[in-house]
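# Structural description and commentary
Here is how the chains run, residue by residue.
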Amino acid sequence: MIVGVVGKANVGKSTFFKASTLAEVEIANYPFATIKPNSGVGYIKVDCADKFFNKQCNPREGFCINHKRFVPVEMIDVAGLVPGAHEGKGMGNQFLDDLRQADVLIHVIDVSGSTNEKGEPIGPGKYDPADDIKFLEIELDMWYYGILKKGWEKFAKQVQQEKMDVAKALAKQLSGLKVDEDMIKDVTKNLKDIIPEKWTDDQLKDIAKQLRQITKPMIIACNKIDVQNATNNFTRLQNEFPDHMLIACSAESELALREAAKAELIKYTPGEDSFEMLKQDSLNEKQTKALEFIKDNILKKFGSTGVQQVLDDSVQKLLKYIAIFPGGVNKLEDQHGNTLPDCFLLPPNSTALDFAYRLHSDFGDNFIRAIDVKTKMTVGKEHLLKDGDVVEIISGK
Ligand SMILES: Nc1nc2c(ncn2[C@@H]2O[C@H](COP(=O)(O)OP(=O)(O)OP(=O)(O)O)[C@@H](O)[C@H]2O)c(=O)[nH]1
Ligand SMILES: [Mg+2]
């Protein structure tokens, strides 16, 4: 699973990325601070199954605080996009390619309206962030369209001459974007009786748009909510884009909290609405003021900095992924004595067999049955898993 962080230049993508991963990346108040993509590990917060068994887990990867498990996911932070990027404007579109493998996108916008279309800082409220929501979608659609259109005539002719299966051939062509055969069938169902050579440009554009929406679902991180006027804009955008998932956030505040927690100055669990001062005496006046500002103006007002929520919602609400824990019905520990050491994020409608394959292809190939460890019920291959399940796979050999 790869989470891509996208948006216009200078809106806070790298700050969001750094707050999520604590990776060392360039953050600067000018456009195109990031050129080469950064990749790192962020965490999705899920309810840990250890609570059900009244135990404390020992995660092999990630961590668990108060029965909230932080499961690692790969994140990428790319260069800023500007309107016309697909035609080579700004940094051009070479870095759009860095997003090919992303399963979900976090679109970071400066909701305070203090970054213009070129990514230059301007006074708060001088730019309408609604335009960013619109332009980014157009850029992504045009990027997909460009890929689809490249060599289209030749492709369409070949499909015709060699009597190829259209969905299969096209899915192969677009597999780099994570497009599969079923998606193609779905988006071309109205074109079934028309041969690809006769598909019009508008029809290709429509296909590109639908495939982009399916393969790159997007959540909008309304960043810089700490700046004056940002809240008004946020409320307005919520009304203007009722079908989009919008979350207010302050990446800068989250970064400050995570760094303070790392330095053991405060105790803070990402996504929570408060933190605890640990070493009040070792904080200087500026640090104390900054933390107080975050407490009063972000945490109390919005319930969190929003960064963790954006990540969680992108995977759990938008992609509808579920958390599954491998475990034995008689024993939740591995051979080293670690309790529930692993947690996997699986796509919706995953079955016991899918989970077996995810653990190891041998488990899938030799699947006999599975056990729902919470209920101790035996289940078969086709059993649909649900969020928080603990599953034991019984396989031959
Ligand atoms: N007030 C405020 N400023 C922020 C926030 N997040 C980021 N910034 C500032 O916005 C500026 C740009 O941040 P970056 O994280 O470098 O932005 P970017 O989108 O990665 O920029 P490019 O890589 O140049 O496209 C920096 O000055 C950050 O400190 C926030 O939540 N609130
Ligand atoms: Mg950046």
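About the cut-offs
- Residues numbered from 1 in each chain as written.
- Chains lettered and ligands numbered in written order.
- Predicted model: local features only at pLDDT ≥ 70, side-chain atom pairs only at ≥ 80, totals over all residues.
- Heavy atoms only, no water.
- Helix = DSSP H or I, 4+ residues; strand = E, 2+ residues; numbered from the N terminus.
- Contact = heavy atoms within 4.5 Å.
- Near = heavy atom within 4 Å.
- Polar contact = N/O pair within 3.5 Å; in protein donor to acceptor, adjacent residues only side chain to side chain.
- Areas by Shrake-Rupley, 256 points an atom, 1.4 Å probe, with all protein chains shown as cover.
- Pairing = 2+ DSSP bridges.
- Axes fitted to C-alpha atoms, helices over the stretch in contact; angles between N-to-C directions.
- Core = buried A, V, L, I, M, F, W, Y, C linked by side-chain atoms within 4.5 Å.
- Buried < 20%, exposed > 50% of the residue type's maximum accessible area, 1.4 Å probe, protein only.
- Domains from an automatic or database assignment.
- Phe/Tyr/Trp six-rings, centres within 6.5 Å; stacked < 30°, edge-to-face > 60°.
- Lys NZ or Arg CZ within 6 Å of the ring centre and 35° of its normal.
- Donors = N, O, S within 2.8 Å, 3.2 Å for Na, K, Ca; no water.
- Parallel < 35°, antiparallel > 145°, perpendicular 65-115°, else oblique.
- Left-handed = near helix turned anticlockwise from the far one by under 90°.
- Nonpolar A, V, L, I, M, F, W, Y, C, P; charged D, E, K, R; others polar.
- Salt bridge = Lys/Arg side-chain N within 4 Å of Asp/Glu carboxyl O.

On to the environment of Leu345. Along the polypeptide, Leu345 turns up in strand E11 (residues 344-346). Considered as a pair, Leu345 and Ile324 are 21 residues apart in the sequence and their alpha carbons are 6.4 Å apart. Apart from the residues lying within four places of it in its own chain, the contact partners of Leu345 are Ile44, Val46, Val71, Val73, Val315, Tyr321, Ile322, Ala323 and Arg358.

Among the 23 residues in the neighbourhood of ligand 1, the closest are listed as Lys13, Thr15, Phe32, Ala33 and Asp226. A distance of 2.8 Å separates an oxygen atom of ligand 1 from a polar atom in the backbone of Ser14. Contacts to ligand 1 include Asn223, whose side-chain N or O atom sits 3.1 Å from an oxygen atom. Taking 660 Å² as the accessible area of ligand 1 by itself, protein coverage stands at 91%. Among the elements that take part in the shell around ligand 1, helix H1 (residues 13-21) stands out by supplying 3 residues, more than any other.

On to the sheet that holds strand E14 (residues 390-395). Strand order in this open sheet of 5 strands is E11-E10-E14-E12-E13, and the pairing throughout is mixed. Bordering the open sheet on either side are E11 and strand E13 (377-379), each of which pairs with just one other strand. Mean inter-strand twist for the sheet, computed between neighbouring axes without regard to direction, equals 40 degrees. Strands in contact with helix H11 (residues 352-359) are strand E10 (322-326), E11, strand E12 (367-372) and E14; relative to E11, the strand with the most contacts, it is inclined by about 135 degrees.

Among the nonpolar cores identified, the biggest contains 39 residues, and Leu174 and Leu211 are the most heavily contacted of them. Looking at this core, the elements with two or more residues in it are strand E1 (2-6), helix H2 (130-149), helix H3 (152-161), helix H4 (166-173), helix H5 (181-187) and helix H6 (201-215). Tallying contributions element by element places H2 first for this core, with 8 residues. A domain split of this core shows at least three residues from each of domain 1 (2-128 + 217-316) and domain 2 (143-214). Among all residues touching Leu211, those that are not within four sequence positions of it are Tyr144, Leu174, Val179, Met183, Ile184, Val187 and Lys216. With 38 residues, the next largest nonpolar core counts Cys57, Cys64, Ala221 and Leu340 among its residues.

The tally for this structure, following the rule as stated, stands at 7 aromatic pairs. Each member of the aromatic cluster is reached from another via a ring pair, and the members are Tyr43, Phe63 and Phe70. Geometry around Tyr145 places Lys205 over its ring, the cationic atom sitting 5.2 Å from the centre.

This next bit is on the coordination of the magnesium ion (ligand 2). Metal coordination angles in their ideal form are 109.5 degrees for the four-donor tetrahedron and 90 or 180 degrees for the six-donor octahedron. Protein coordination at the magnesium ion (ligand 2): the donors are Ser14 (OG) and Thr34 (OG1), at 1.9 to 2.1 Å from the metal. Residue Ser14 is found in helix H1, and its partner Thr34 is found in the loop between H1 and strand E2 (38-47); the two are separated by 20 residues along the sequence. Judged by relative accessible area, Thr34 falls into the buried class, the value being 11%.

Below, the discussion takes up the environment of Thr378. With respect to the helices and strands, the residue Thr378 is situated in strand E13. For the pair formed by Thr378 and Leu246, sequence separation is 132 residues and the distance between their alpha carbons is 41 Å. With residues up to four places along the chain from it excluded, the contact list for Thr378 reads Arg369, Ala370 and Ile371.

This part takes up the packing of H1 against helix H8 (residues 251-262). Packing of H1 against H8 brings their axes to within 8 Å, and their N-to-C directions diverge by 30 degrees. For the element pair H1 / H8, the angle class is roughly parallel. The interaxial crossing formed by H1 with H8 has left-handed handedness. Two secondary-structure elements touch here, H1 through Thr15, Phe16, Lys18, Ala19 and Ser20 and H8 through Ala251, Glu252, Glu254, Leu255, Arg258 and Glu259. Of the residues assigned to the contact of H1 with H8, the class counts are 4 nonpolar, 2 polar and 5 charged.

Take the domain arrangement of the protein next. By domain assignment, the protein separates into domain 1 (2-128 + 217-316), domain 2 (143-214) and domain 3 (323-395). Taking only C-alpha atoms into account, the centre of domain 2 sits 37 Å from that of domain 3.

Two strands pair when backbone bridges link them, and E12 and E14 are joined in this way by 5 bridges, in the antiparallel orientation. By the bridge assignment for E14, Phe367 is matched with Ser395. Sheet analysis places E12 next to E13, joined by 3 bridges and oriented antiparallel. Paired with Ala370 across the strands is Val379, a residue of E13. As consecutive antiparallel partners, E12 and E13 are separated by 4 residues, and within that stretch Lys376 has a phi angle of approximately 65 degrees, a positive value.

Inspection of every chain in the model, using the stated rule, returns 22 salt bridges. Notably, a salt bridge pairs Glu272 with Lys45, separated by 3.0 Å at the nearest N-O pair. Of this pair, Glu272 sits in the loop between strand E8 (266-267) and strand E9 (276-277) while Lys45 is found in strand E2, placing the two residues 227 residues apart along the sequence. Lys45 sits in the buried class, given a relative accessible area of 13%. In this structure, Lys55 engages Glu333 in a salt bridge whose closest nitrogen and oxygen atoms are separated by 3.3 Å. Highlighted residues: Lys55 in the loop between E2 and strand E3 (63-65) and Glu333 in the loop between E10 and E11, separated in sequence by 278 residues. Residue classification places Lys55 among the partly exposed residues on the basis of a relative accessible area of 34%. On the basis of relative accessibility, which here comes to 26%, the residue Glu333 falls in the partly exposed class. Overlapping salt bridges, with partners in common, bring together Asp128, Lys134, Arg236 and Glu240 in one network.

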